[in-house]
Amino acid sequence: MQHNLLVLQKGSLEKVGAAADKLAQDPKGIDQNYIPKMPEVLAGTRLINPQETVKLKFRVPADTGDYPFICSFPGHWRIMNGIMKVVK
């Protein structure tokens, strides 16, 4: 099964998750790797196939706090999520 990883702006888990749910209903959603085009998505990977490896390199936000991350493959974000903690 494919997965991806999106790092989100603080407090945006539900908003981006809802957008991912909408994108899952769009026949062209896969063309976007199920990544909603919105500023709350700070960084992300394309869909990754089983046994495949990718590297994600991005600049960590300067503001400290809890930044959610998700898999936005259809139906996944509610159970495949976590928190990236940015500290000084």
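It should be emphasised that the depicted structure is a prediction, and the values quoted were computed from it without experimental measurement. Each chain carries its own residue numbering, running from 1 in the written order of its sequence. Residues qualify for local features only when their pLDDT is at least 70, as the model is predicted, and side-chain atom pairs are given and counted only at 80 or more; totals for whole chains, interfaces and linings, by contrast, use all residues. Derived side-chain values reflect all non-hydrogen atoms in the structure, with water molecules and hydrogen atoms excluded from consideration.

Asker: Give me the lowdown on the overall build of the protein, citing residues and values where you can.
Answerer: For helices the rule is a DSSP run of H or I covering at least 4 residues; for strands it is a run of E covering at least 2, with both sets numbered from the N terminus onward. Assigned secondary structure in the protein consists of one helix and four strands. What you see in the protein, going N to C, is helices and strands ordered as β-α-β-β-β. In terms of overall dimensions, the protein has a C-alpha envelope of 40 × 30 × 20 Å along the principal axes. By the burial criterion, 35% of the 88 residues in the protein qualify as buried. Any two residues whose heavy atoms approach within 4.5 Å are treated as being in contact. For the protein, the share of sequence-separated contacts (at least 6 apart) that also reach a separation of at least 24 residues comes to 63%. Summing over all exposed atoms, the protein offers an accessible surface of approximately 5800 Å²; the carbon and sulfur share of this is 54%. For the protein, the centre of its 12 positive side-chain charges and the centre of its 8 negative side-chain charges are spaced 7 Å apart. Note on exposure labels: buried denotes an accessible area under 20% of the residue type's maximum, exposed denotes more than 50%, and partly exposed covers the range between, all computed with a 1.4 Å probe on protein chains only. Here the Shrake-Rupley method, with its probe set to 1.4 Å, supplies the accessible areas, and only the displayed protein chains count as covering residues. Note on charges: Lys and Arg go in the positive column, Asp and Glu in the negative column, and His and the chain ends are not counted at all. Charge coordinates come from a single atom per side chain, which is NZ of Lys, CZ of Arg, CG of Asp or CD of Glu.

Asker: Break down a nonpolar patch on the surface for me, citing the residues and quoting the values.
Answerer: Note on patches: the residues involved have over 30% relative accessible area and no salt bridge, like charges join within 9 Å, and the nonpolar side chains Val, Leu, Ile, Met, Phe, Trp and Tyr join within 5 Å. A side-chain nitrogen of Lys or Arg and a carboxyl oxygen of Asp or Glu constitute a salt bridge if their distance falls within 4 Å. The grouping of Leu5, Leu56 and Phe69 at the surface amounts to a nonpolar patch, some 200 Å² of accessible area in total. In this structure, leucine 56 sits in the loop between β2 (41-44) and β3 (65-70).

Asker: Report on the side chain of asparagine 4, specifying residues and quantitative values.
Answerer: Structurally, the position occupied by asparagine 4 is in the segment before β1 (6-8). Within the structure, asparagine 4 has its side chain in polar contact with the backbone oxygen of asparagine 33 (distance 3.0 Å). Between N or O atoms, a polar contact is any pair within 3.5 Å; within protein, one atom must be a potential hydrogen donor and the other a potential acceptor, and residues adjacent in sequence are included only when both atoms are from side chains. Only 2.7 Å separates the side chain of asparagine 4 from the backbone nitrogen of serine 72, close enough to count as a polar contact. Those residues in contact with asparagine 4 that sit more than four places away from it in its chain are Asn33, Tyr34, Ile35, Thr45, Arg46, Leu47, Ile70, Cys71, Ser72 and Phe73.

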